[in-house]
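# Breakdown of the fold
Here are the chains, one letter per residue:
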Amino acid sequence: MSATDVITGGGAFDADPYKLGHGRDHGGGHGGGHGAGHGGGHGVRGPASKRVIVGYGFWLFLLSDIVLFSCLFAAHAVLQTATAGGPSGRDLFNPTSIALETACLLLSSFTCGLSQVAADARNQLLTQAALAVTGLLGLTFLLLEAHDFAGMIAQGDGPQRSAFLSSFFAVVGCHGAHVTAGLLWLGTMMAQVYFKGFRPNIMRRLLCFNLFWHVLDIIWVALFTIVYLIGEGR
């Protein structure tokens, strides 16, 4: 009778009952074969795929971006009433234009998600079409935002007018700069998918782009609430 049988009373003994990957390389015979079959140290399923690792790493980058915008939101919330005798948000904001900007960006998030679904199905035409519509909606958003900025500056209400306007142009302009970078990235992704197809590395890049674009939409929802809705009420 072996030592294992003495310990377990003749029953089977599992050196790693919770499949944590420990103790797989100890012992010989059946124990050694069991460890070799599971790639010790990573449990039954093995290490995470490269797609998961890349996605996780990119989420860490996006969290740093969210921290940046959180600081800008906090500064704007403090300075929202510091108009220095100049116009407030109620005097400057155009609800129709803001509503159109929001609709364009939220719709672009939907079409961006469709591009990922089409890419997973390896459908070149639908992937390109969804990315193209996403780009057009994002460009429309930027043009509307630039038109609002130009109107404010033309009537003397630029970022130098008051602390309120300085914080407004900073937070909204920073988001617009991110959307601009996203559109440039979108263009490169369309080219890569067209010329290189759905290679694993291209799919990982497309995943990261989707994460980036969706986070921009989430940030816009917060910006719309803090800057525009609350600003209209003050």
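Nothing here was measured: the structure is a model prediction, and the numbers come from that model.

Here we come to the overall build of the protein. Check the secondary structure of the protein and you find eight helices and zero strands. The N-to-C order of helical and strand elements in the protein reads α-α-α-α-α-α-α-α. Split into buried and exposed, the 234 residues of the protein put 39% on the buried side. When contacts within the protein are restricted to residue pairs at least 6 apart in sequence, those whose partners lie at least 24 apart make up 78%. Total accessible area on the protein is roughly 12500 Å²; 69% of this is exposed by carbon and sulfur atoms.

On to the packing of aromatic side chains. Geometry of an aromatic ring pair is reported as the spacing of the ring centres plus the angle between the planes. If you walk through the whole model with that rule in mind, you get 16 aromatic pairs. Here the aromatic rings of Phe69 and Phe73 are separated by 6.3 Å at their centres, their planes lie at 40°, and the arrangement is tilted. Separated by four residues within a single helix, Phe69 and Phe73 lie in helix 3 (residues 50-79), roughly one turn from each other. With respect to class, Phe69 is no different from Phe73; both count as buried.

Moving on to the nonpolar core. Within the largest apolar cluster, 46 residues are counted, with the highest numbers of intra-cluster contacts made by Phe93, Phe168, Val172, Trp213, Leu223, Val227 and Tyr228. Counting residues per element, the ones that place at least two in this core are helix 3, helix 5 (95-120), helix 6 (124-154), helix 7 (163-196) and helix 8 (200-232). In terms of residue count, helix 8 provides more of this core than any other element does, 16 residues in total.

This brings us to the packing of helix 6 against helix 7. Packed helices, taken two at a time, are described by the angle their axes make and the gap between the axes. Orientation of helix 6 relative to helix 7, taken along the N-to-C sense of each, is 155°, at an axis distance of 10 Å. In terms of orientation, helix 6 lies roughly antiparallel with respect to helix 7. Judged by the sense of rotation from one axis to the other, the crossing of helix 6 with helix 7 is left-handed. Looking at side-chain class alone, the contact of helix 6 with helix 7 contains 17 nonpolar, ten polar and one charged residues.

Attention shifts here to the side chain of Gln80. Tracing the backbone through its elements, the reader meets Gln80 in the loop between helix 3 and helix 4 (89-92). Note on Gln80: relative accessible area 5%, which makes it buried. Within the structure, the side chain of Gln80 is placed 3.0 Å from the backbone oxygen of Ile226, a separation counted as a polar contact.

This next bit is on a nonpolar patch on the surface. Together, Tyr56, Trp59, Leu60, Leu63 and Ile66 line one region of the surface with nonpolar side chains, adding up to about 500 Å² of accessible area. Looking at where Tyr56 falls in the secondary structure, it is placed in helix 3. In this structure Tyr56 comes out as exposed when scored by relative accessible area, which is 57%.

Our focus in this paragraph is the packing of helix 3 against helix 7. Axis separation between helix 3 and helix 7 bottoms out at 7 Å; the angle between their running directions is 155°. Classified by the angle between their axes, helix 3 and helix 7 sit roughly antiparallel to one another. The handedness of the crossing between helix 3 and helix 7 is left-handed. Within the contact between the two elements, helix 3 uses Phe58, Asp65, Leu68, Phe69, Leu72, Phe73, His76 and Leu79 and helix 7 uses Ala163, Phe164, Ser167, Phe168, Ala170, Val171, Cys174, His175, His178 and Trp185. Looking at the contact of helix 3 with helix 7, its residues break down into 13 nonpolar, four polar and one charged.

Definitions and cut-offs
- As a convention, each chain's residues are numbered from 1 in the sequence order in which they are written.
- Totals for whole chains, interfaces and linings use all residues, but because this is a predicted model, local features are given only for residues with pLDDT of at least 70 and pairs of side-chain atoms are given and counted only at 80 or more.
- Only heavy atoms go into the side-chain values, all of them from the structure, while hydrogens and water stay out.
- In DSSP terms, a helix is any run of H or I states spanning at least four residues, a strand is any run of E spanning at least two, and both are numbered starting from the N terminus.
- Partly exposed describes any residue whose relative accessible area lies between the buried limit of under 20% and the exposed limit of over 50%, with all areas from a 1.4 Å probe on protein chains only and scaled to the type maximum.
- The contact definition used throughout considers only heavy atoms, calling two residues in contact when any of these lie within 4.5 Å.
- Only the protein chains shown count as cover for residues, and the accessible areas themselves come from Shrake-Rupley with a 1.4 Å probe.
- A pair of aromatic rings is counted whenever rings of Phe, Tyr or Trp (Trp by its six-membered ring) have centres within 6.5 Å, and the orientation is called stacked for planes under 30 degrees apart, edge-to-face for over 60 and tilted otherwise.
- What is meant by a nonpolar core is a set of buried Ala, Val, Leu, Ile, Met, Phe, Trp, Tyr and Cys residues, joined one to another through side-chain atoms within 4.5 Å.
- Whenever a helix is involved, its axis is fitted only over the stretch in contact; in every case the axis is a line through C-alpha atoms, and angles between N-to-C directions fall within 0 to 180 degrees.
- Roughly parallel here means an angle under 35 degrees, roughly antiparallel means over 145, roughly perpendicular means 65 to 115, and every remaining angle is called oblique.
- Two helices crossing with the near one rotated counterclockwise from the far one by less than a right angle form a left-handed crossing, whereas a clockwise rotation gives a right-handed crossing.
- Three classes are used, and their members are as follows: Ala, Val, Leu, Ile, Met, Phe, Trp, Tyr, Cys and Pro are nonpolar, Asp, Glu, Lys and Arg are charged, and the others, Gly among them, are polar.
- Pairing of N or O atoms within 3.5 Å defines a polar contact, subject to two protein rules: one partner must be a possible hydrogen donor and the other a possible acceptor, and residues neighboring in sequence count only if both atoms are side-chain atoms.
- Any residue with relative accessible area above 30% and no salt bridge may belong to a patch, with like charges joined within 9 Å and the nonpolar Val, Leu, Ile, Met, Phe, Trp and Tyr side chains within 5 Å.
- Criterion for a salt bridge: a side-chain nitrogen of Lys or Arg within 4 Å of a carboxyl oxygen of Asp or Glu.

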